[in-house]
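# Observations on the three-dimensional arrangement
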Amino acid sequence: MLLEARGITKAFGSFKAVDDASVTLEQGDILGLIGPNGAGKSTFFNCLTGDLRTTAGRVLFEGRDITDLAPEQRAQLGLARTFQLPQTFEGMTVLENVMIGAFLRAAHRTEAETKARAVLERVGMIRLADAPARSLGTPGRKRLEIARALATEPKVLLLDEAMAGLNAHEVKLAIDLVRDIHRAGITLVIVEHIMEVIMSLASRVMVFHQGKEIARGSPREVTANPAVIAAYLGTRAAKAAAGHTPIELMGGPT
Amino acid sequence: MSFVLVQVIVGGLLLGAVYALFSSGLTLVWGMMNIVNFAHGDFVMLGMYVAYVVYTLMGGGPIVGAPLAVLVLATLGVVVYFGLIRDIMKGPMLAQILGTFGLALLLRYSVFWWFGADFKSLPQNIVGGTYAVAGLRLEASRLLAGVVALLVTLGLHLLLTRTSLGSKMLAVAEDATAAQLMGIRPDTMQAIAWAIAAGATGLAGALIANFFYIVPTVGETLGIVAFVTVSLGGFGSVPGALVAGLLIGVIESLSGYLIGAVYKDIVVYILFLFFLWFRPQGLMGKM
Amino acid sequence: MRRLLWLSVLAAVAIAYPLLLSSPFQQRLGALVLLYAIAASAWNIVGGYAGQVSVGHVVFFGCGAYAAMGAYAKFELSPLFGIPGGIVIAVVLAAVIGVPTLRLSGHYFSMATIAVAETMRLIVTNTDYLGAAVGLSGPTVARNIFDLSFISSLPYYYLFLLVLAITLVITWWMANSRMGFYLRAIKDSERAARSLGAPARRTKLYAFMLSAALTSVAGALYAMMFGFVDPESGLGILISVKILIMAALGGAGLLFGPLVGAAILVPLEEISNSVLGGKGAGLTFVVYGAIIVLIARFQPGGILSLFKRRSKPASEAGAPHAP
């Protein structure tokens with residue numbers, strides 16, 4: 001087992017953003033986390049990466065308890081992430097941004113630069129290596145996030161809405177990139193609003209609603225689950241929409 | 001408890017109320033815009049000099065000096081907001097700190113240049129006399145400052161929590177974009193916040209001018225006091241500033257009485273560092 | 001290649017300056033520029049590269065100055081022997097300030113550094129062992145060359161030049177190492193840097209300690225040149241201000257920024273002091289304040305950032321092609 005979360009609870013004051021959520025991740029999985037806005041999937045995600053301290057529950061990575069480890073220590077072990085709102089290093093070039101990731105496994109500048117260039121080549125951004133990162137648009141920044149994370153040579157890559165704000169064509173390119181990463185042997189966790197992304201990528205899906213896990217299974221099983229439809233659309237609408245395929249109803253960004 | 005000690009504690013509370021008043025100004029701006037005004041202590045200093053000028057030029061007491069200090073500082077607050085803060089609050093941390101820190105120097109040394117570095121004070125007789133309250137001897141000037149500061153601080157709290165202006169300001173603090181969609185102009189609200197914050201601070205300066213030493217560099221110490229107060233009381237919390245201000249006033253008075261006047265500032269600074277070390281969670285009201 | 005050429009020109013000018021402009025005033029001015037450039041370069045490591053604005057850096061300056069003068073005044077040693085002691089105290093102090101504050105937002109760090117500097121100044125002013133308000137003096141007449149007590153500014157000039165060169169080499173080396181990259185990343189987004197494996201707190205702390213050590217050396221050199229230190233000249237907030245403003249004016253986070261800032265502001269202050277006399281002191285700081293406000297408002301990157309080579313823009317950045 002690569003990554004395991006047991007009974008994760010995260011409370012802000014008396015409000016439980018995540019309530020007793022568990023998940024296991026095997027080598028080669030692509031786990032999708034979905035749910036309406038504010039369902040707790042991002043909070044859960046941030047508990048896995050170490051950006052948030054859990055109120056209760058444990059996180060294990062390759063059998064080792066990492067609950068109390070800081071994000072940088074988790075990165076060291078092979079956990080990498082991207083951010084929903086790209087956290088680009090504005091004062092650096094595209095190459096330097098990726099070098100920050102590469103420095104995790106390279107002590108010297110030249111070595112880090114070589115690795116970073118290879119990653120940029122792989123994600124198709126080598127042309128932009130020397131451009132200032134602040135000149136990138138949203139798609140470029142999203143892709144740069146992924147490149148930086150890849151440069152840390154992760155075992156698990158967690159993508160937080162890596163496709164939000166992209167147009168249909170860009171989404172397609174991004175899906176190809178994720179597939180490519182998966183083929184290279186990296187296990188993925190993706191938080192996503194866009195159902196078609198989840199449908200075409202995820203091997204397993206976990207659905208959150210009001211801080212709780214309400215369903216899990218293959219994408220098809222999950223989207224046929226009445227509880228999931230109700231969570232997305234409200235119970236009454238779900239009954240009214242009973243005749244339609246769930247994907248139609250849930251498709252597109254919410 | 002000895003009688004003198006009670007006297008010292010009451011004196012500390014009165015001074016602490018003034019600390020609470022000018023710290024409310026800092027906490028308001030900090031909580032609302034997430035910007036720390038390093039020139040805040042110098043705003044107090046300017047309030048003191050306004051009172052000083054009012055006295056030396058026209059012999060006026062706090063009845064004239066205090067409202068004028070509010071007016072002058074509120075105007076300065078608006079000017080500073082539009083001239084500087086509005087632009088640097090979106091910028092890097094370095095620009096924010098440099099900007100207000102530079103402003104502090106500018107104000108402090110303009111006063112230094114104009115009035116000189118020597119200590120000034122207002123004659124004791126402007127707000128004359130000493131009252132005996134329950135056997136305690138209270139100087140009228142300190143009593144006036146403490147009571148007015150307390151009332152105005154409470155008034156500020158009510159303004160923020162009970163009026164529509166207050167809720168508009170809080171809306172901007174929560175989410176400026178959302179507030180804008182609701183028809184509130186963040187720019188105006190933030191400028192008003194600066195006016196209120198600076199005005200309250202100027203008032204605090206005019207109030208303590210009657211019994212404090214007046215010197216261009218006094219703002220440095222008072223600025224740190226305000227920072228400590230806000231750190232203890234929580235960002236954006238006027239009641240927090242009130243409690244913390246009173247507490248610091250008492251601690252300072254007691255340490256001045258028990259171990260000597262030169263050490264009272266040291267005690268406050270060390271208290272601050274102590275809190276940073278051992279209770280940072282108490283300092284992190286808003287992350 | 002062009003960089004190397006510029007560097008050689010700069011080095012040649014620096015070496016030739018006191019020989020070409022050889023009046024005592026000019027030599028003294030040159031030495032002071034270099035001295036402040038050392039202190040500002042040291043500040044630049046934590047304030048510029050790491051983006052943690054220390055407003056109480058004078059406390060480290062004071063550690064060096066008091067250690068150097070203390071070595072002579074208390075132990076009759078050469079002030080040089082005080083330097084290692086000053087460095088140790090400065091580094092320990094940096095850790096004491098840095099460990100709790102560097103995990104909080106930058107404002108705390110700034111305010112804590114002021115509080116520590118002011119606390120030290122007040123404590124030293126009231127400590128008889130350290131000369132209280134009068135301070136400590138160095139050797140009035142040099143017993144030997146190691147007392148580093150010269151009448152002419154020329155030996156100081158070259159000593160400072162050497163130390164500045166060492167400081168800049170250390171800064172350059174740091175900036176091009178993993179640590180330098182991590183610092184810049186942390187400055188832009190600490191959260192992202194940590195997610196990529198950068199140990200943010202530790203890296204910032206190391207930068208702060210390195211900066212403190214170098215600032216302490218600057219303080220020791222300052223005390224040696226002036227032959228004494230007192231609470232105002234060694235621990236006064238205005239020294240912090242000068243150090244900070246020079247780095248920010250020239251360009252915080254740029255290797256030569258502090259030197260450029262010092263080369264502009266030191267002559268400005270010296271000339272305004274000699275023209276305006278005592279009254280000028282206040283006015284100088286009015287101007288300083290105005291300059292800082294203007295930099296913050298219009299050019300937070302400092303003067304040198306205007307000349308930074310512009311990288312080609314990512315014109316089609318919006319559409320990266322598929323792999």
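Residues numbered from 1 in each chain as written. Chains lettered and ligands numbered in written order. Predicted model: local features only at pLDDT ≥ 70, side-chain atom pairs only at ≥ 80, totals over all residues.

### Brief notes about the overall build of chain A
When you go through chain A residue by residue, the secondary structure sums to eleven helices and ten strands. Taking 2.2 N^0.38 as the reference for a compact globule, 254 residues should give roughly 18 Å; the C-alpha atoms of chain A span a radius of gyration of 18 Å, in line with that estimate. Expressed as lengths along the three principal axes of its C-alpha atoms, the size of chain A is roughly 60 × 40 × 30 Å. Looking at chain A residue by residue over its 254 residues, the buried ones come to 49%. The contacts of chain A with a sequence gap of at least 6 include a subset with a gap of at least 24, amounting to 62%. (Helix = DSSP H or I, 4+ residues; strand = E, 2+ residues; numbered from the N terminus. Rg over C-alpha atoms; globule rule 2.2 N^0.38 Å. Buried ≥ 20, exposed ≤ 12 C-beta atoms within 10 Å, placed from the backbone. Contact = placed C-beta atoms within 7 Å.)

### Overview of the overall build of chain B
Helix and strand counts for chain B stand at eleven helices and two strands. Overall, chain B shows an N-to-C arrangement of helices and strands of α-α-α-α-β-β-α-α-α-α-α-α-α. In terms of overall dimensions, chain B is globule-like: its C-alpha atoms have a radius of gyration of 18 Å, near the 19 Å expected for 287 residues. Taken along its principal axes, the extent of the C-alpha atoms in chain B is 55 × 45 × 35 Å. Counting over 287 residues, chain B shows a buried share of 53%. In chain B, the share of contacts with a sequence separation of at least 24, taken over all contacts with a separation of at least 6, comes to 77%.

### Considerations on helix α3 (residues 58–75) of chain C
All names here are of chain C. For α3, built from 18 residues, the straight-helix expectation of 26 Å at 1.5 Å per residue is met to within 8% by its first-to-last C-alpha distance of 24 Å. Maximum bend of α3: about 30°, positioned at methionine 69. When you tally the buried positions in α3, you get 16 out of 18 residues, the bulk of the element. Glutamate 76 sits one or two positions beyond α3 and adopts a positive phi of about 55°. (Expected span 1.5 Å × (residues − 1). Bend = angle between axes of the 7 residues up to and from the residue.)

### Points about the arrangement of the chains
Inter-chain contacts occur across two pairs of chains; the most extensive set of contacts lies between chains A and C. Regarding chain A and chain B, the two do not touch, and the least distance separating their C-alpha atoms is 11 Å.

### Considering the environment of threonine 101 of chain C
Following the sequence through the fold, threonine 101 of chain C ends up in helix α4 (residues 82–101). Considered as a pair, threonine 101 of chain C and leucine 210 of chain C are 109 residues apart in the sequence and their alpha carbons are 17 Å apart. Setting aside chain neighbours within four positions, we find threonine 101 of chain C in contact with Leu276 of chain B together with Tyr108, Phe109 and Ala112 of chain C.

### Quick word on the interface of chain C and chain B
Listed per partner, the contact involves 37 residues of chain C and 36 residues of chain B. Among the secondary structure elements, those contributing two or more residues to the side of chain C that touches chain B are α4, α5 (106–125), α11 (237–250) and α13 (280–298) of chain C. Residue composition of the side of chain C that touches chain B, by class: 26 nonpolar, nine polar and two charged. (Nonpolar A, V, L, I, M, F, W, Y, C, P; charged D, E, K, R; others polar.)

### A few points about the sheet that holds strand β2 (residues 15–25) of chain A
Hydrogen bonds between backbone atoms are what pair the strands of a sheet, whose relative direction is either parallel or antiparallel. Residues and elements named next belong to chain A. A sheet is described by the order of its strands in space; here four strands give the open sequence β2-β1-β4-β5, paired in antiparallel fashion. At either end of the open sheet lies a strand with only one pairing partner, and these are β2 and β5 (64–65). Relative to β2, strand β1 (residues 3–12) runs antiparallel, the two being bridged by seven bridges. Each bridged residue has a counterpart across the sheet, and for leucine 3 the counterpart in β2 is leucine 25. (Pairing = 2+ DSSP bridges.)

### A few points about the interface of chain C and chain A
Contacts between chain C and chain A engage 30 residues on the former and 43 residues on the latter. Among the secondary structure elements, those contributing two or more residues to the side of chain C that touches chain A are α7 (178–188) and α8 (190–195) of chain C. For the side of chain C that touches chain A, the class distribution of residues is 16 nonpolar, eight polar and six charged.

### Structural notes on the packing of helix α3 (residues 62–88) of chain B against helix α4 (residues 93–115) of chain B
Residues and elements named next belong to chain B. For the pair α3 and α4, interaxial distance at closest approach is 9 Å and the crossing angle is 160°. Here α3 is positioned roughly antiparallel relative to α4, judged by the angle of their axes. Relative to α4, the crossing made by α3 is right-handed. Judged by residue contacts, Val80, Leu84 and Ile88 of α3 engage Ala95, Gln96, Gly99 and Leu103 from α4. Residues of the contact of α3 with α4, tallied by class, amount to five nonpolar, two polar and no charged. (Axes fitted to C-alpha atoms, helices over the stretch in contact; angles between N-to-C directions. Parallel < 35°, antiparallel > 145°, perpendicular 65-115°, else oblique. Left-handed = near helix turned anticlockwise from the far one by under 90°.)

### Describing unusual backbone geometry
Residue and element names in this part refer to chain A. Positive phi outside glycine occurs at glutamate 161, with the angle close to 45°. Position of glutamate 161 relative to the elements: it lies in the loop between β7 (156–160) and α6 (168–183). Within the chain, glutamine 210 stands out as a residue other than glycine whose phi angle is a positive 50°. On the secondary structure map, glutamine 210 appears in the loop between β9 (204–209) and β10 (212–217).

### A short note on the UniProt feature "transmembrane region" (unreviewed entry) in chain B
Residue and element names in this part refer to chain B. With numbering matched to this structure, UniProt assigns "transmembrane region" (unreviewed entry) to residues 6–31, 38–58, 64–85, 97–115, 143–160, 191–215, 221–250 and 257–278. Secondary structure content for residues 97–115 is 100% helix and 0% strand, while the C-alpha to C-alpha distance between its ends is 27 Å. When the span residues 143–160 is considered, its composition is 100% helix and 0% strand, and the gap between its end C-alpha atoms is 26 Å. (UniProt positions renumbered as here; feature names shortened; annotations may be inferred.)

### Quick notes on the nonpolar core
Core analysis: the biggest nonpolar cluster contains 294 residues, and Val18 and Met48 of chain B together with Leu35, Phe160 and Ile292 of chain C have the highest contact counts within it. With 18 residues, helix α9 (residues 200–226) of chain C is the single largest residue contributor to this core. Excluding residues that lie within four positions of it along the chain, valine 18 of chain B makes contacts with Ala145, Gly146, Ala149, Ala204, Leu207 and Ile208 of chain B. (Core = buried A, V, L, I, M, F, W, Y, C linked by C-beta atoms within 7 Å.)

### Considerations on the packing of α3 of chain C against α5 of chain C
Residues and elements named next belong to chain C. Interaxial distance between α3 and α5 falls to 9 Å at its minimum, and their mutual angle equals 35°. Facing Val58, Val59 and Gly62 of α3, the residues of α5 in contact are Val116, Ala117 and Met120. Considered class by class, the residues forming the contact of α3 with α5 number five nonpolar, one polar and no charged.

### Points about the confidence of the model for chain A
Per-residue confidence for chain A gives a mean pLDDT of 88, with 91% of residues at or over 70. Confidence, read as mean pLDDT per element, is least for helix α11 (residues 246–250) of chain A in chain A (49) and greatest for helix α3 (residues 94–102) of chain A (97). (pLDDT = per-residue confidence, 0-100.)

### Overview of the pairing of strand β8 (residues 187–191) of chain A
Residue and element names in this part refer to chain A. Most of β8 sits inside the fold, with five of its five residues counted as buried. By the alternation rule, side chains of β8 split into Thr187, Val189 and Val191 and Leu188 and Ile190, which are all buried. Strand direction decides the pairing type here: strand β3 (residues 30–34) and β8, joined by four bridges, are parallel. Along β8, the bridge assignment pairs isoleucine 30 with leucine 188. As defined by bridge partners, β7 adjoins β8 across five bridges and the pair is classed as parallel. Each bridged residue has a counterpart across the sheet, and for valine 156 the counterpart in β8 is threonine 187. In this view, the connection linking β7 to its parallel neighbour β8 by way of α6 has right-handed handedness. (Right-handed = clockwise from strand over helix to strand, strands pointing away.)

### Considering the sheet that holds β9 of chain A
Residue and element names in this part refer to chain A. Strand order in this open sheet of six strands is β6-β7-β8-β3-β9-β10, and the pairing throughout is mixed. Looking at strand neighbours, the two that pair on one side only are β6 (79–81) and β10, the edges of this open sheet. Across the sheet, the mean angle from the axis of one strand to that of its neighbour is 20°, orientation sign disregarded.

### With respect to the confidence of the model for chain B
Residue and element names in this part refer to chain B. Residues at a pLDDT of 70 or more form 95% of chain B, whose mean pLDDT is 87. Taken element by element, the predicted model of chain B shows its lowest mean pLDDT in strand β1 (residues 130–133) (77) and its highest in helix α8 (residues 186–208) (94). Prediction confidence for the complex, expressed as pTM and ipTM, is 0.87 and 0.89 respectively.

### A word on α5 of chain C
Across its 20 residues, α5 of chain C extends 29 Å between first and last C-alpha, which sits within 8% of the 28 Å expected from 1.5 Å per residue. Across the 20 residues of α5 of chain C, 17 count as buried, placing the element largely inside the fold.

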